[in-house]
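# Per-entry structural report
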Amino acid sequence: MDVHELARRVASGERASLARLITLVESRRAQDRRQAAAVAQLLRGAGVAHRIGISGPPGAGKSTLIESLGVAMCEAGHRVAVLAVDPSSRRTGGALLGDQARMTRLSQWPSAFVRPTASGATLGGVHLRTADVVEVLEAVGFDRILVETVGVGQSEVEVLHAVDTLLLLALPGSGDELQGIKRGIVEAADVLWVNKADGATASLAHVAQRQWLAALQLQRPRVAGWQVPVLAGSAREGTGLTDLLGALAAHRAHLETTGTWKEQRRAQRRHRVAAGVRDAVWSRFLAEPTHAASVDAALAASEDESVPVEFLVSEVLSSD
Ligand code: GDP
């Protein structure tokens, strides 16, 4: 389809066309991605979105919270896009959640768009092209973009290249042992939410809240002058959501007034340009048969793994 036609259809709110555009962004073919970029450029100018990453261990309640937050944002008049982890690739304590219908309440809103991404094709749960998809969603006019990730690995910090604010979910109890959440993601969190502060787990949640508060006070904030708020509430019952929305908005305001907003986005784009150039240069390098052969030769000559990779890199480069 012609770039202008696709842009027109996406702008008119056709969901199938938006889904198609995102598929182009995620394509392995550079040609598809350039076409998607051309469409995004035609759509640009809709405004600036708040990009929010939502991370936490499996079962913490990320999708439940995203749905509640998303609905509240729609009710407030926002256009909300969600990049969710594909249910078919999720596991909680060994139980597959694939058959569970998710975010059905949010999906009913005409101003919401929920896109599942397969975590199989991801780096630590974040799709490699997440940042590009987020950029397109912003160009299309979504002003709240929620990106779900499973916060269990160090590479989760990759999501920071796609979002302005990172919301980390924790479970009631055992706040002192970080519950399998890796330090990297804790250090990167801008807002912390202890979920399931309801029913039998309510008092445990408040204990965890105090423990997290104490732990985070010792930590140097990622953004100067921002003390990470530690909130407790119930994604399921909706309690505490107003405070959470307030904390997210306050973080955005803090980034904007300190100039960090623009600075952070610039740094993210720089990182992505570097990654794109690295990929393209590497592909181009390998496309030359003599180069591919020199890589193979260097690896073959060091079959026993006794040669440090650093030397192999020098060897490949010097054979050019
Ligand atoms: P995710 O794996 O982090 O996305 O977690 P889910 O949103 O799928 O929730 C995992 C389980 O916890 C589900 O059974 C939810 O119904 C439940 N859950 C989610 N939020 C809450 C909450 O606020 N309170 C309670 N009691 N249960 C919740």
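Described below are features of the structure shown in this document.

Calculation rules
- Residues numbered from 1 in each chain as written.
- Predicted model: local features only at pLDDT ≥ 70, side-chain atom pairs only at ≥ 80, totals over all residues.
- Heavy atoms only, no water.
- Helix = DSSP H or I, 4+ residues; strand = E, 2+ residues; numbered from the N terminus.
- Contact = heavy atoms within 4.5 Å.
- Areas by Shrake-Rupley, 256 points an atom, 1.4 Å probe, with all protein chains shown as cover.
- Salt bridge = Lys/Arg side-chain N within 4 Å of Asp/Glu carboxyl O.
- Buried < 20%, exposed > 50% of the residue type's maximum accessible area, 1.4 Å probe, protein only.
- Arc of directions from axis to C-beta.
- Polar contact = N/O pair within 3.5 Å; in protein donor to acceptor, adjacent residues only side chain to side chain.
- Axes fitted to C-alpha atoms, helices over the stretch in contact; angles between N-to-C directions.
- Parallel < 35°, antiparallel > 145°, perpendicular 65-115°, else oblique.
- Left-handed = near helix turned anticlockwise from the far one by under 90°.
- Pairing = 2+ DSSP bridges.
- Phe/Tyr/Trp six-rings, centres within 6.5 Å; stacked < 30°, edge-to-face > 60°.
- Lys NZ or Arg CZ within 6 Å of the ring centre and 35° of its normal.
- Core = buried A, V, L, I, M, F, W, Y, C linked by side-chain atoms within 4.5 Å.
- Patch = residues over 30% accessible without salt bridge, like charges linked within 9 Å, V, L, I, M, F, W, Y side chains within 5 Å.

### Notes on the overall build of the protein
Scanning the protein from N- to C-terminus turns up twelve helices and eleven strands. For the protein, the share of sequence-separated contacts (at least 6 apart) that also reach a separation of at least 24 residues comes to 77%. Here the protein has roughly 16000 Å² of accessible surface; of this, 54% comes from carbon and sulfur atoms.

### With respect to the pattern of salt bridges
Following the criterion strictly, the structure yields eleven salt bridges and no others. With a shortest N-O distance of 3.6 Å, D32 and R29 are connected by a salt bridge. What makes R29 partly exposed here is its relative accessible area of 47%. Several salt bridges converge on common partners, so that one network encompasses R51, E138, D164 and R265.

### A word on helix α2 (residues 15-25)
If you check which residues of α2 are buried, you get S17, L18, L21, I22, L24 and V25. Considered in projection along α2, the buried side chains sweep an arc of 155° and stay on one side of the axis. Where the residues of α2 are buried, they touch α1 (3-11), α3 (30-43), β5 (112-117) and α6 (130-140).

### Overview of the environment of R29
For R29, the position within the fold is in the loop between α2 and α3. Of note is the side chain of R29, whose polar atom sits 3.1 Å from the side chain of Q31.

### Regarding the packing of α2 against α3
Two elements in contact, α2 and α3, have axes separated by 7 Å at closest approach and are oriented at 130°. With respect to α3, the element α2 is oriented oblique. The way α2 lies across α3 gives a crossing that is left-handed. On α3, the residues touching L21, L24 and V25 of α2 are D32, R33, Q35, A36, V39 and L43.

### Observations regarding the sheet that holds strand β1 (residues 50-55)
Read from one edge of the open sheet, seven strands run β5-β2-β8-β1-β9-β10-β11, paired in parallel fashion. Strands at the two margins of the open sheet, each flanked by one partner only, are β5 and β11 (230-232). Strand-to-strand twist across the sheet, computed as the mean angle between neighbouring axes with direction ignored, equals 20°. Relative to β11, strand β10 (residues 191-194) is paired through three bridges, and the arrangement is parallel. Note that in β11 the partner of L192 across the bridge is V230.

### Concerning the packing of aromatic side chains
Both the distance between ring centres and the angle between the ring planes are used here to describe each pair of aromatic rings. Applying the stated criterion to the full structure yields two aromatic pairs. Taking 6.1 Å as the distance between ring centres and 35° as the angle between the ring planes, the aromatic pair formed by F113 and F142 counts as tilted. On the criterion of sequence distance, the pair formed by F113 in strand β5 and F142 in the loop between α6 and β8 (144-148) is long-range, its members being 29 residues apart. Given the relative accessible area of 7%, F113 is considered buried. The class for F142 is buried, based on a relative accessible area of 5%. When the centroid spacing of 6.1 Å and the interplanar angle of 15° are considered together, the rings of W282 and F285 count as stacked. Separated by three residues within a single helix, W282 and F285 lie in helix α10 (residues 260-287), roughly one turn from each other. On the accessibility criterion, F285 (15% relative accessible area) is buried. The cationic tip of R79 hangs over the ring face of F142; the distance from NZ or CZ to the ring centre is 4.5 Å.

### Side note on the nonpolar core
If you look at the biggest cluster of nonpolar residues, it comprises 78 residues, and the most contacted ones within it are L21, L65, L137, L167, L192 and L244. The biggest single contributor to this core is α6, with seven residues. Beyond its immediate chain neighbours, meaning those up to four positions away, L192 contacts L168, A170, W212, L216, V228, P229, V230 and L231.

### Observations regarding a nonpolar patch on the surface
On the surface, a nonpolar cluster with roughly 250 Å² of combined accessible area is contributed by V273, V277 and V281. By secondary structure assignment, the location of V277 is in helix α10. Using a relative accessible area of 46% as the deciding quantity, one classes V277 as partly exposed.

### Quick look at the side chain of D190
Mapped onto the elements of the fold, D190 is located in the loop between α7 (183-188) and β10. Overall, the relative accessible area of 1% leaves D190 in the buried class. A polar atom in the side chain of D190 sits 2.7 Å from the backbone nitrogen of L166. A distance of 3.2 Å separates polar atoms of two side chains, one belonging to D190 and the other to H251. When residues no more than four places from it in sequence are discounted, the contact partners of D190 are D164, T165, L166, R222, V223, W226, V228, P229 and H251.

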